[in-house]
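Per-entry structural report
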Amino acid sequence: VRVDKRWLGATVNDAVAITSTGGTNNPSLAAVADTATETDSGTAVTVYAGETLTFSEAFTTGSAANYDVSLACTGAADTDPSDGLDIVAADDGATIVCTYTNSRLPNVTKTAGAVTGPNAAGQYAVTYTVEVANPGAATTYGALTDAPAFDSNLAITGATWTTAGGAPAGGS
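Residues numbered from 1 in each chain as written. Predicted model: local features only at pLDDT ≥ 70, side-chain atom pairs only at ≥ 80, totals over all residues. Heavy atoms only, no water.

As for the state of the cysteines
Tallied over the full model, the rule gives one disulfide. Two residues share a disulfide in this structure: Cys73 and Cys98, whose sulfurs sit 2.1 Å from each other. For the disulfide bridge between Cys73 and Cys98, the dihedral angle about the S-S bond is near 115 degrees, and by the sign convention the bridge is right-handed. A residue pair is termed long-range when its members are at least 10 positions apart, and Cys73 in strand E6 (residues 67-74) and Cys98 in strand E8 (residues 97-104) qualify at 25 residues. When its relative accessible area of 12% is taken as the criterion, Cys73 is described as buried. (Disulfide = S-S within 2.5 Å. Helix = DSSP H or I, 4+ residues; strand = E, 2+ residues; numbered from the N terminus. Buried < 20%, exposed > 50% of the residue type's maximum accessible area, 1.4 Å probe, protein only.)

Regarding the pattern of salt bridges
On inspection of all chains with the given rule, the structure shows two salt bridges. Close ionic contact of Arg2 with Asp4 constitutes a salt bridge, the shortest N to O distance being 2.8 Å. For Asp4, a relative accessible area of 7% gives the class buried. (Salt bridge = Lys/Arg side-chain N within 4 Å of Asp/Glu carboxyl O.)

A word on the nonpolar core
In terms of nonpolar packing, the biggest core is built from 21 residues, with Val1, Trp7, Phe55, Leu85, Ile96 and Cys98 touching the most fellow members. If you list the elements that add at least two residues to this core, you get strand E1 (2-8), strand E2 (15-21), strand E3 (29-32), strand E5 (52-61), E6 and E8. Residues in contact with Val1, not counting those within four places in the same chain, are Pro27, Thr43, Ala44, Val45, Val47, Leu53, Phe55, Ile87, Ile96 and Cys98. (Core = buried A, V, L, I, M, F, W, Y, C linked by side-chain atoms within 4.5 Å. Contact = heavy atoms within 4.5 Å.)

Re the packing of aromatic side chains
Under the criterion given, the structure shown has three aromatic pairs. Centroid distance Trp7 to Phe59: 6.2 Å. Interplanar angle 80 degrees. Geometry classified as edge-to-face. Placement of Trp7 in strand E1 and of Phe59 in strand E5 is noted, with a sequence separation of 52 residues between them. For the pair shown, Trp7 and Phe59 are each scored as buried. Consider the rings of Trp7 and Tyr67, whose centres lie 5.9 Å apart with planes at 65 degrees: the pair is edge-to-face. With Trp7 in strand E1 and Tyr67 in strand E6, this pair connects stretches of sequence that are 60 residues apart. One exposure class covers both Trp7 and Tyr67, and it is buried. Each member of the aromatic cluster is reached from another via a ring pair, and the members are Trp7, Phe59 and Tyr67. (Phe/Tyr/Trp six-rings, centres within 6.5 Å; stacked < 30°, edge-to-face > 60°.)

Focus on unusual backbone geometry
The bulk of non-glycine residues show a negative phi, and the bulk of peptide bonds are trans. Note that the residue after Gly117, namely Pro118, is joined by a cis bond; omega there is 5 degrees. Positionally, Pro118 belongs in the loop between strand E9 (107-116) and strand E10 (125-133). Backbone geometry at Asn13 places phi at a positive 85 degrees, although glycine is not the residue there. Assignment of secondary structure puts Asn13 in the loop between E1 and E2. With a relative accessible area of 49%, Asn13 lands in the partly exposed category.

Here we look at the sheet that holds E8
Strand order in the open sheet formed by four strands is E4-E1-E8-E6, with mixed pairing between adjacent strands. For this open sheet the edge positions go to strand E4 (38-41) and E6, each flanked by a neighbour on one side alone. Averaged over all neighbouring strand pairs, the angle between strand axes comes to 15 degrees, with direction disregarded. Looking at chain direction, E1 and E8 are connected through seven bridges and run parallel. When the bridges of E8 are listed, Trp7 appears paired with Asn102. (Pairing = 2+ DSSP bridges. Axes fitted to C-alpha atoms, helices over the stretch in contact; angles between N-to-C directions.)

This is the structure we're talking about:
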């Protein structure tokens, strides 16, 4: 069994230690993101039928909170390493590679804005900026929801927004 580490949109110099338990020999890997997108490979070790390997990844530099993390193994009869990788007799002689993939999550920031008003109708205008940057490989990450909270005697009567980079603009 060999352990690999795949970085997608990584922060350069982020680093992890991948370890395993449950085998006579336990594959491991210390991986550093030398570039934003790369794959680091560990050294293969011999494992035996009847063993169940459990894998874990710990950041030594950077934070797992910045990534979507997945683990997948190829070449083994067991296709779900999330509950341990069961090594069975059918795996004898197989090349088994377990890969942790870390895809960088989008960054979302909100900057303070301005309040103007009231206008002749007693309405105020509140403006602020929300910026989303996606340094990773994901084409989407989910909905961005903005839920302004005001006192119960105030009502939001409309909203507009502008976008860049291909997202639709609009308002209501």
